Amino acid sequence: MKFIVSSTTLFSHLQAISRVINSKNSLPILDCILIKLQDGTLTMTASDSETTLSTSIEVNEYDGEGKFAISSKTILEALKENPEQPLTFNINHDNLEIAVSYQNGNYKMIAQNGDEFPLPTQKTSGTVNISMAADVMLAGINRCVFATADDELRPVMNGIYFDITPQDVTLVSSDGHKLVRNKSYASRGEEKAAFILPKKPANLLKNILPREQGDVQISFDDKNAVFTMENYQMSCRLIEGRYPNYNSVIPQNNPHKAVIDRVTFISALKRVSVFSSQASSLIKLHLEENRITISAQDIDFSTSAEETLVCQYEGKNMSIGFKSSFLIEILNNISAQNIIIELADPSRAGLIVPEEQDENEDLLMLLMPMMLND
């Protein structure tokens, strides 16, 4: 079997799928990338046994067809330093020897038998199908993935919940302290359905989707999901279990609303939080007419800081405490110029929403408060 392929095209595709490979694998073949040539199409697949990612490119010249598995580390390290040029691969299927020749030299490697590479079996019955625009899915994943948990006791919290209805698709994530609900009216399902996407495949999609245009086709059942894009296909095992009723924890009727410039607010929080207690990172927000005072103190080290910003606020004076790192993280994951903080009382969660929502979207972030001592 022989084929000629561009070095940079091959490298960029191999690099994208190699992110799925674990540093330690139960099966040695999972350290490899499966490469298959059929009808002039070169398909590359990497897997960690739970998530499998594949991509394909057209090759210029080829002779024969077949498949082999090659060490991902070796091939990526070799291609990384190679400038753009054609690479000629010659594979001897009898002894699995690979010879790669290029302008100034050649590599020789031993492949592994491609038949030993475990590929997921895809069900065709009992699956739900839905289509989402790549940019809509990317925006939802980008906003949600930071709020997923690392909770061994409640694995359902360790992923992004896709809540599909005939009206919209809502992506939700929560770690018990913060919650993100990203509703998109640009996508919808034919029926009510839901699945929980684990964090690792969500991060893989976060890396791949910026290169994609068009729609992502999602096909899923109660155990697995397959995401089909223009240049990539990913199948992954889903998190099984019931996701908590996220709407029930979002407080309704929040009379205290403050509108504030997001970037100014983040800068002030970063400055003031330097002086907060290292153990709690507690900062206090005090709202009074058209201004917000951010303060922090560390009693152990006798340090404190306070800063006052202008904001739009009409209502009674109130103070609420938050963990500064969580609040900064939430604000960093909203792109609007101004944000609205909606509060009911110091013991209930605060809502943070963009003042102007993106078209066809409804984004809401929630942060649980911390107790204030005074």
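Structure first, text after, so check above.
Residues numbered from 1 in each chain as written. Predicted model: local features only at pLDDT ≥ 70, side-chain atom pairs only at ≥ 80, totals over all residues. Heavy atoms only, no water.

## As for the pairing of strand 13 (residues 169-174)
- Counting buried positions along strand 13 gives six out of six residues, so the element sits mostly inside the fold.
- Alignment of strand 12 (residues 159-164) against strand 13, held across four bridges, turns out to be antiparallel. Each residue of the ladder has a partner; that of Ile 164, found in strand 13, is Val 169.
- With antiparallel pairing between neighbouring strands as the criterion, strand 12 and strand 13 make up a hairpin whose turn holds four residues.
- Strand direction decides the pairing type here: strand 13 and strand 14 (residues 178-184), joined by six bridges, are antiparallel. Note that in strand 14 the partner of Thr 170 across the bridge is Lys 183.
- Counting the residues in the hairpin turn of strand 13 and strand 14 gives three residues, including Gly 176, whose phi is positive at 90 degrees. (Buried < 20%, exposed > 50% of the residue type's maximum accessible area, 1.4 Å probe, protein only. Helix = DSSP H or I, 4+ residues; strand = E, 2+ residues; numbered from the N terminus. Pairing = 2+ DSSP bridges.)

## A short note on the pairing of strand 1 (residues 2-6)
- With four of its five residues buried, strand 1 lies for the most part within the structure.
- Where strand 1 and strand 7 (residues 86-92) come together, five bridges link them in antiparallel fashion. Paired with Phe 3 across the bridge in strand 7 is Phe 89.
- Bridge count between strand 1 and strand 5 (residues 61-63): three bridges; the pairing is antiparallel. Considered in strand 5, the bridge of Phe 3 is made with Tyr 62.

## Regarding the packing of aromatic side chains
- All chains considered together, the criterion is met by seven aromatic pairs.
- A ring pair is formed by Phe 3 and Phe 89, whose centres lie 4.8 Å apart and whose planes are at 10 degrees; its orientation type is stacked. Of this pair, Phe 3 sits in strand 1 while Phe 89 sits in strand 7, placing them 86 residues apart in sequence.
- Ring plane angle 5 degrees and centroid distance 4.6 Å describe the contact between Tyr 161 and Tyr 243, whose orientation is recorded as stacked. In this pair, Tyr 161 is assigned in strand 12 and Tyr 243 in the loop between strand 18 (232-237) and strand 19 (256-261), connecting sequence segments 82 residues apart. One exposure class covers both Tyr 161 and Tyr 243, and it is buried.
- Members of the aromatic cluster, each reached through a chain of ring pairs, are Phe 162, Phe 195, Phe 220 and Phe 227.
- Over the face of the ring belonging to Phe 326 we find Lys 323, whose NZ or CZ atom lies 5.5 Å from the ring centre. (Phe/Tyr/Trp six-rings, centres within 6.5 Å; stacked < 30°, edge-to-face > 60°. Lys NZ or Arg CZ within 6 Å of the ring centre and 35° of its normal.)

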